[in-house]
Amino acid sequence: MSSARRTRLIIVGILLYGLFLVLWAMVLPVRTRSFAAPVLLYHHVSDNPAFSQPTNPAVSPAKFEAELRWLKENGYQSVSLDFLMQPVPFEKKPVILTFDDGYRDNFTEAFPLLQKYGFFATFYLIPKNMDDNAYLTWEQARIMQQAGMRFGSHTVDHADLNQLSDERLRWELSESKRVIDAELGEPVSSFAFPYGYYARDYFPFLAGAGYKTAVTEDRGLATSQDLFRIPRLIVGPKTDVPLLLSMVQKVMAW
Ligand SMILES: [Zn+2]
């Protein structure tokens, strides 16, 4: 082989390898985006200091609005928990917004802001508390549902699952789902563990009751692995959401 021919072959080889790297770099983020998303966990959205407990932090409406504005300006789009189940290519940056307990201010404060910025969230309801003063009414939940908000179960009465017999556990999972499905006229498929407590033993019970996903209070990024143990990023009054998601963004290579 002449040296000119060998040089040409080496150049073609380098070009092909370069092309392979470019294609791989293009495909990789699409695949990564399809399989993972940050899940933010909120409780109250309120200026009332009485609502802010370490376990149920309150974020002020102004802070919540600033976070939604930042998400929008930075190319994020709401997806539901189902997103983790189906690996579809996604052009925008996915974010899953969740609210635990179904407080009244989720309707009066959070819902209008979510609509204003074009996001939706999943609200985990406690049927026994619905229509109570501090909690959503079923009518409010239906209004939110019609505007694209999603719902899930947080047990019938916010039970600590660790303390329950198998029979009672089965009831908490199936009865809460039965009531929410009937009130909203649409089956829910996601569950949030009260206090974030869970055990692997519960997973067959969740599947048996018809749930497809369950969210915890473990810190981390949600992926398609372990759909009954989805970690979340808890947002409180001092949480810097842009900083948190900028860090996530680096991991995700968006
Ligand atoms: Zn809770």
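In this text the structure is predicted, and so the values were computed from the model without any measurement. (Residues numbered from 1 in each chain as written. Predicted model: local features only at pLDDT ≥ 70, side-chain atom pairs only at ≥ 80, totals over all residues. Heavy atoms only, no water.)

Engineer: Pulling in residues and values, what's your account of the pairing of strand β6 (residues 93-100)?
Structural biologist: With eight of eight residues buried, β6 lies mostly within the body of the structure. Residue alternation in β6 divides its side chains into two sets, Lys93, Val95, Leu97 and Phe99 and Pro94, Ile96, Thr98 and Asp100, and both sets are buried. Two elements, strand β2 (residues 39-42) and β6, share four bridges in a ladder whose sense is parallel. Residue pairing across strands places valine 39 opposite isoleucine 96, the latter belonging to β6. Across three bridges, the pairing between strand β5 (residues 76-78) and β6 is parallel. Within β6, the residue paired with tyrosine 76 across the bridge is lysine 93. Bridge analysis of β6 against strand β7 (residues 121-125) gives four bridges, and the strand direction is parallel. In the strand pairing of β7, phenylalanine 99 is matched with phenylalanine 123. Chirality of the crossover, the property in question, places the unit of β6, helix α3 (residues 105-117) and β7 among those that are right-handed. (Buried < 20%, exposed > 50% of the residue type's maximum accessible area, 1.4 Å probe, protein only. Helix = DSSP H or I, 4+ residues; strand = E, 2+ residues; numbered from the N terminus. Pairing = 2+ DSSP bridges. Right-handed = clockwise from strand over helix to strand, strands pointing away.)

Engineer: Give a description of the coordination of the zinc ion that names residues and reports values.
Structural biologist: Of the protein atoms, only Asp101 (OD), His154 (NE2) and His158 (NE2) coordinate the zinc ion, at distances of 2.1 to 2.2 Å. Of note, the donors binding the zinc ion are all from one chain and are spaced D-x52-H-x3-H. Comparing histidine 154 with histidine 158, the two get one shared label, buried. (Donors = N, O, S within 2.8 Å, 3.2 Å for Na, K, Ca; no water.)

Engineer: Tell me about the pattern of salt bridges, residues and numbers included.
Structural biologist: Per the stated rule, a full pass over the model turns up twelve salt bridges. The closest approach of N and O atoms between aspartate 100 and arginine 232, which form a salt bridge, is 3.0 Å. Of the two residues, aspartate 100 is situated in strand β6 and arginine 232 in the loop between β11 (222-223) and β12 (233-234); the sequence distance between them amounts to 132 residues. As far as burial versus exposure is concerned, aspartate 100 and arginine 232 are alike and both buried. Taking the shortest distance from any N to any O, the salt bridge between arginine 142 and glutamate 183 comes out at 3.1 Å. (Salt bridge = Lys/Arg side-chain N within 4 Å of Asp/Glu carboxyl O.)

Note that every value here comes from positions in space, so none of it alone points to a role or purpose.
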